[in-house]
There are 2 protein chains.
Amino acid sequence: MSGQNTLQNAFKHAKYQVGGHGARNMKVLQDAFQGLDGNLESDMYGKGEVIEEFQNKMAAILGKESAVFFPSGTMAQQIALRIWCDQKGIKKAAYHPLSHLEIHEEDGLKELHQIETVLLADENRVIQLEDVTSMNEDVACLLLELPQREIGGQLPSYKTLEDISAYCKEKGIKLHLDGARLFEILPYYKKSAADICHLFDSVYVSFYKGIGAIAGAILAGDQAFTEKSKIWKRRHGGDLISLYPYFLSANYYFDQRIDKMKQYFEGAMELSELYNQCFGVSTIPQVPVSNMFHVHFDASKEDMEHILTEICQEKNLGLSSYVREVSETSSYFEISIGDLYLNLPKEKLMDGIKVLDDKMKKRKGK
Amino acid sequence: MSGQNTLQNAFKHAKYQVGGHGARNMKVLQDAFQGLDGNLESDMYGKGEVIEEFQNKMAAILGKESAVFFPSGTMAQQIALRIWCDQKGIKKAAYHPLSHLEIHEEDGLKELHQIETVLLADENRVIQLEDVTSMNEDVACLLLELPQREIGGQLPSYKTLEDISAYCKEKGIKLHLDGARLFEILPYYKKSAADICHLFDSVYVSFYKGIGAIAGAILAGDQAFTEKSKIWKRRHGGDLISLYPYFLSANYYFDQRIDKMKQYFEGAMELSELYNQCFGVSTIPQVPVSNMFHVHFDASKEDMEHILTEICQEKNLGLSSYVREVSETSSYFEISIGDLYLNLPKEKLMDGIKVLDDKMKKRKGK
């Protein structure tokens, strides 16, 4: 078995795991639906009481006129950018070089919508006001991802958001929020979702990150925007006869977890501090601004797989199920704090981190 | 309340309904999942044992090398045509004027894929060999929908299918099957799904028509084709982290209903005969070739809504929940035979049809 598979397997069998909400299994669906009235009628191609209720609830939470449920954020966001590009008659959108659209969607935006992209900022930092004001190209819209996931979940200051929003409004650039992890950053900004969304023309939020549901996304904005998004949703093949398996479970887990975002955030701050005290270990950001961060090691992927596997086996504690290579001598994993962390015995964690520190020192002969 | 809403409401409250498998409600999902092991792991972005097992099962049933599960047929079919167009370097596909892609998808094929379409045959009949051989334009692929839903579910002869298939092979035109209702036509053709699919390069089947699951589709073909389809699935936003709510329920209802297709077909033949004996009523096709057909009335939509509502109320029997206008003096509805018909007391049905005949005569003073 490869080191990767060995770690994955050891992680699965460890009694305690540090990140996430637990296994993604059938129970997630069963729990969400067991209490529901069996006679409750399905949505039908985006219509019906159940889907409209959920969409209205989300529109209100996001402070937008209207909201539409989508099977995926990939679909919702391409569509948002397409609508803004069509409206302005410019097929160009700006975003961060590590945007989900740029690196995880097989170029759907370009292949399906023929939208050119302008990459703003250096890939290791978030977009700042100057990146926007110094843009040479005329774009229809700008997408900001909060937090910027691929660099550990970093955020600009709230003032920067306000300034970018004001600048875009002045220049007629539509501002779209990739809010896959929007609920997760509210405790840091100490703002409501509506406060933040107020700075944007359109907003996407996800339900399987911090919320921990099965899949699905909401796209919100004004009525004219969301009506257009429904036409594109049909074109994309996302206007399913029934989407209730997703949005009803999204609703179930939203209600269970939305008030725990502060605990997740505090957990992330606590855990990152522990990691940063270990030899050869550091986190990005050093102090998290959401429930997520990246843990970097001055050690190869293979070495770290070996060490993390040992910790699973010796301590019954899964720190991560995988490690990604940065270079031959450095590697990292991403962690998102959820329910499992809240239920993790503190001494168990401290013990595991201590062993990590020892093993990191030992391999350097310290 | 409008006549339309009154009928819909009366239909819902009638003890007996003639078409379909019953209400599309939460119970459909709950039943499919209640027996499953809660620890069974979710698929992850199209990978994992559960999704691969289902895909392999469907590939074997369809006699194709490989199969991919999609959230919708809209997505699967656009992608199939796109792959064939790209392969041939011709952005042109041929299909029937009432193809789902032409009338129900907001022109996704054209808007997202820039594929031009060539409409074959008159809209009131199915595509014949001569329609294909006399085509003036060079197309990459031809889509055949079996049965042709919008004209009551009509079929060409099996010989015609074989001839079209042979002609396309000879001319290098890829042949794609819109098999949304493929399983429903097997009893008429007396062929296996694999026999029919063998005539096609690529095949789409649906799981919420005769199978009666929640949503979802399979796209099948050779390995090179399905691998490309996965890339386009991601671009479309259909590569969800978890699709199991759909394919596991598809699997559950497939196993429950696949062997009943002959009963559904026989029910359709029986019921169409009863309708054709009524005054001012006829069916298309006159003798069904699947579990579906259209019921046409020499009466306005409004008159028929009124009559069907009365039958719901007087006889507790829902013949249809809606009527569509053809002209000021003619209208129709579509019916698909499913589990409800198999459980419907015959005397109840005969009684209702007798009342329909009486009312149709009475309004003409007969």
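Look up: the structure comes first, before these words.
Here's a quick rundown of the structure.

Parameters and conventions
- Residues numbered from 1 in each chain as written.
- Chains lettered and ligands numbered in written order.
- Predicted model: local features only at pLDDT ≥ 70, side-chain atom pairs only at ≥ 80, totals over all residues.
- Heavy atoms only, no water.
- Least-squares fit on C-alpha atoms with pLDDT ≥ 70 in both.
- Contact = heavy atoms within 4.5 Å.
- Phe/Tyr/Trp six-rings, centres within 6.5 Å; stacked < 30°, edge-to-face > 60°.
- Helix = DSSP H or I, 4+ residues; strand = E, 2+ residues; numbered from the N terminus.
- Buried < 20%, exposed > 50% of the residue type's maximum accessible area, 1.4 Å probe, protein only.
- Lys NZ or Arg CZ within 6 Å of the ring centre and 35° of its normal.
- Axes fitted to C-alpha atoms, helices over the stretch in contact; angles between N-to-C directions.
- Parallel < 35°, antiparallel > 145°, perpendicular 65-115°, else oblique.
- Left-handed = near helix turned anticlockwise from the far one by under 90°.
- Nonpolar A, V, L, I, M, F, W, Y, C, P; charged D, E, K, R; others polar.
- Buried area = accessible area lost by both parts, 1.4 Å probe.
- Salt bridge = Lys/Arg side-chain N within 4 Å of Asp/Glu carboxyl O.
- Polar contact = N/O pair within 3.5 Å; in protein donor to acceptor, adjacent residues only side chain to side chain.
- Pairing = 2+ DSSP bridges.
- Disulfide = S-S within 2.5 Å.
- Core = buried A, V, L, I, M, F, W, Y, C linked by side-chain atoms within 4.5 Å.
- Expected span 1.5 Å × (residues − 1).

### Details of the relation of the copies chain B and chain A
Rotating chain B by 180° about the axis while translating it 0.0 Å along that axis superimposes it on chain A, leaving an RMSD of 0.0 Å. These values place the two chain copies in the arrangement generated by a two-fold rotation axis. Closest approach to the rotation axis within chain B is made by the C-alpha atom of Leu112 of chain B, at a distance of 2.5 Å. In this assembly, 100% of the residues forming the interface of chain B have copies in chain A that are likewise at the interface, indicating an isologous arrangement.

### Some words on the packing of aromatic side chains
All names here are of chain B. Taken as a whole and assessed by the stated rule, the structure comprises 31 aromatic pairs over all chains. With centroids separated by 6.2 Å and ring planes inclined at 80°, the aromatic side chains of Tyr188 and Phe265 adopt a geometry described as edge-to-face. A residue pair is termed long-range when its members are at least 10 positions apart, and Tyr188 in helix H9 (residues 182-189) and Phe265 in helix H13 (residues 261-276) qualify at 77 residues. Under the relative-accessibility criterion, Tyr188 is labelled partly exposed at 35%. Owing to a relative accessible area of 8%, Phe265 belongs among the buried residues under this scheme. Over the aromatic face of Tyr208 sits the side chain of Lys209, whose NZ or CZ is 4.0 Å from the ring centroid.

### A short note on H9 of chain B
Burial runs high along H9 of chain B: 7 of the 8 residues are buried. The first or second residue beyond H9 of chain B is Lys190 of chain B, which carries a positive phi of 55°.

### Considerations on the packing of helix H1 (residues 3-13) of chain A against helix H14 (residues 301-315) of chain A
The packing of two helices is summarised by the inter-axis angle and the distance between the axes. Residues and elements named next belong to chain A. Look at H1 against H14: their axes get within 9 Å of each other, and the N-to-C directions meet at 25°. Comparing the axis directions of H1 and H14 gives the class roughly parallel. As for the relative orientation of H1 and H14, their crossing is left-handed in sense. Side by side, H1 and H14 meet where Gly3, Gln4, Thr6, Leu7, Ala10 and Phe11 of the first sit next to Lys301, Glu305, Leu308, Thr309, Cys312 and Gln313 of the second. When grouped by side-chain class, the residues that make up the contact of H1 with H14 number 5 nonpolar, 5 polar and 2 charged.

### A few points about the interface of chain B and chain A
The interface of chain B with chain A comprises 51 residues on the first partner and 51 residues on the second. At the boundary of chain B with chain A, total buried surface from both sides reaches about 4,200 Å², with 59% on carbon and sulfur atoms. At the junction of chain B with chain A, the criterion picks out 2 salt bridges. Salt-bridge contacts for Lys12 of chain A lead to Glu41 of chain B; the nearest nitrogen and oxygen are separated by 3.5 Å. Here chain B is connected to chain A by 33 residue pairs in polar contact (both at pLDDT 80 or more). For the side of chain B that touches chain A, the element with the most residues is helix H2 (residues 26-34) of chain B, which contributes 7 residues. For the side of chain B that touches chain A, a count of residues per class yields 23 nonpolar, 16 polar and 12 charged.

### Quick look at the pairing of strand E10 (residues 292-297) of chain A
Residues and elements named next belong to chain A. Within E10, 6 of the 6 residues are buried, which leaves the element mostly enclosed by the surrounding structure. Judged by which residues are buried, E10 turns out to be covered on both faces: Met292, His294 and His296 on one side and Phe293, Val295 and Phe297 on the other are all buried. One ladder, built from 4 bridges, connects strand E9 (residues 281-284) with E10; its direction is antiparallel. Across the sheet, Thr283 pairs through a bridge with Val295, a residue of E10.

### Considerations on the environment of Glu302 of chain A
Structurally, Glu302 of chain A is set in helix H14. On a C-alpha basis, the gap between Glu302 of chain A and Val126 of chain A in space is 30 Å, while along the polypeptide they are 176 residues apart.

### Some words on the sheet that holds strand E2 (residues 66-70) of chain B
All names here are of chain B. Taken together, 7 strands build an open sheet; the order of strands is E2-E8-E7-E6-E5-E3-E4 and the sheet is mixed. Two strands close off the open sheet at either side, each with one partner strand: E2 and strand E4 (116-119). Averaged over all pairs of adjacent strands, the angle between their axes in this sheet comes to 20°, without regard to strand direction. Relative to E4, strand E3 (residues 92-95) runs parallel, the two sharing 4 bridges. Of the residues in E4, the one forming a bridge with Ala93 is Thr117.

### Quick word on the sheet that holds strand E13 (residues 330-336) of chain B
All names here are of chain B. Strands sit in the order E9-E10-E13-E12 across an open sheet of 4 strands; the sheet is antiparallel. Single-partner strands in this sheet number two, and they are strand E9 (281-284) and strand E12 (324-327). Across the sheet, the mean angle from the axis of one strand to that of its neighbour is 30°, orientation sign disregarded. On the sheet, helix H14 (residues 301-315) packs against strand E10 (292-297), E12 and E13 and is oriented at approximately 50° with respect to E13.

### Quick notes on the state of the cysteines
Residues and elements named next belong to chain A. Within the structure shown, the criterion is met by 0 disulfides over all chains. Among the cysteines around Cys168, which has no disulfide bond, Cys141 carries the closest sulfur, lying 9.6 Å off. Residue classification places Cys168 among the buried positions, given a relative accessible area of 1%. Not engaged in a disulfide, the cysteine Cys278 finds its nearest cysteine sulfur in Cys312; these two sulfurs lie 15 Å apart. Cys278 gets classed as buried once you look at its relative accessible area, which sits at 6%.

### Notes on the nonpolar core
Counting 195 residues, the largest nonpolar core has Phe207 of chain A together with Phe207 of chain B as its most contacted members. Excluding residues that lie within four positions of it along the chain, Phe207 of chain A makes contacts with Phe54, Met58, Phe69, Phe183, Gly212, Ala213, Gly216, Ala217, Ile218, Ala250 and Phe254 of chain A. Core analysis: the next-biggest nonpolar cluster, separate from the first, contains 52 residues, Ala76 of chain A together with Ile90, Ile115 and Phe225 of chain B among them.

### Section: unusual backbone geometry
Residue and element names in this part refer to chain A. With an omega of -10°, the peptide bond between Leu146 and Pro147 qualifies as cis. The topology assignment puts Pro147 in the loop between strand E5 (141-145) and helix H8 (158-171). Of note in this structure, Asp107 is not a glycine but carries a positive phi near 60°. By the element assignment, Asp107 lies in the loop between helix H5 (100-103) and helix H6 (108-113). Take Asp107: its relative accessible area is 30%, and that puts it in the partly exposed class.

### Quick look at the side chain of Ser330 of chain A
Residues and elements named next belong to chain A. Take Ser330: it is sitting in strand E13 (residues 330-336). Judged by its relative accessible area of 18%, Ser330 falls in the buried class. In this structure the side chain of Ser330 is engaged in a polar contact, spanning 2.9 Å, whose partner is the side chain of Ser327. With residues near it in sequence (within four places) discarded, Ser330 still touches Phe297, Ala299, Ser300 and Glu325.

### Some details on helix H8 (residues 158-171) of chain B
Residues and elements named next belong to chain B. The terminal C-alpha atoms of H8 lie 20 Å apart, and with 14 residues this matches the ideal 20 Å at 1.5 Å per residue to within 8%. Turning to H8, its buried residues number three or more, namely Tyr158, Thr160, Leu161, Ile164, Ser165, Tyr167 and Cys168. Those residues of H8 that are buried are in contact with helix H7 (129-133), strand E5 (141-145), strand E6 (174-179), H9 and helix H10 (193-197). Downstream of H8 by one or two residues, Gly172 has phi in the positive range, about 70°.

### Some thoughts on the pattern of salt bridges
Residues and elements named next belong to chain A. Taken as a whole and assessed by the stated rule, the structure comprises 48 salt bridges over all chains. In this structure, Arg125 engages Asp131 in a salt bridge whose closest nitrogen and oxygen atoms are separated by 2.8 Å. On the accessibility criterion, Arg125 (32% relative accessible area) is partly exposed. Classification of Asp131 as buried rests on a relative accessible area of 13%. The shortest N-O distance in the salt bridge between Lys359 and Glu310 comes to 2.8 Å. Of this pair, Lys359 sits in helix H16 (residues 346-363) while Glu310 sits in helix H14, and the two are 49 residues apart along the sequence.

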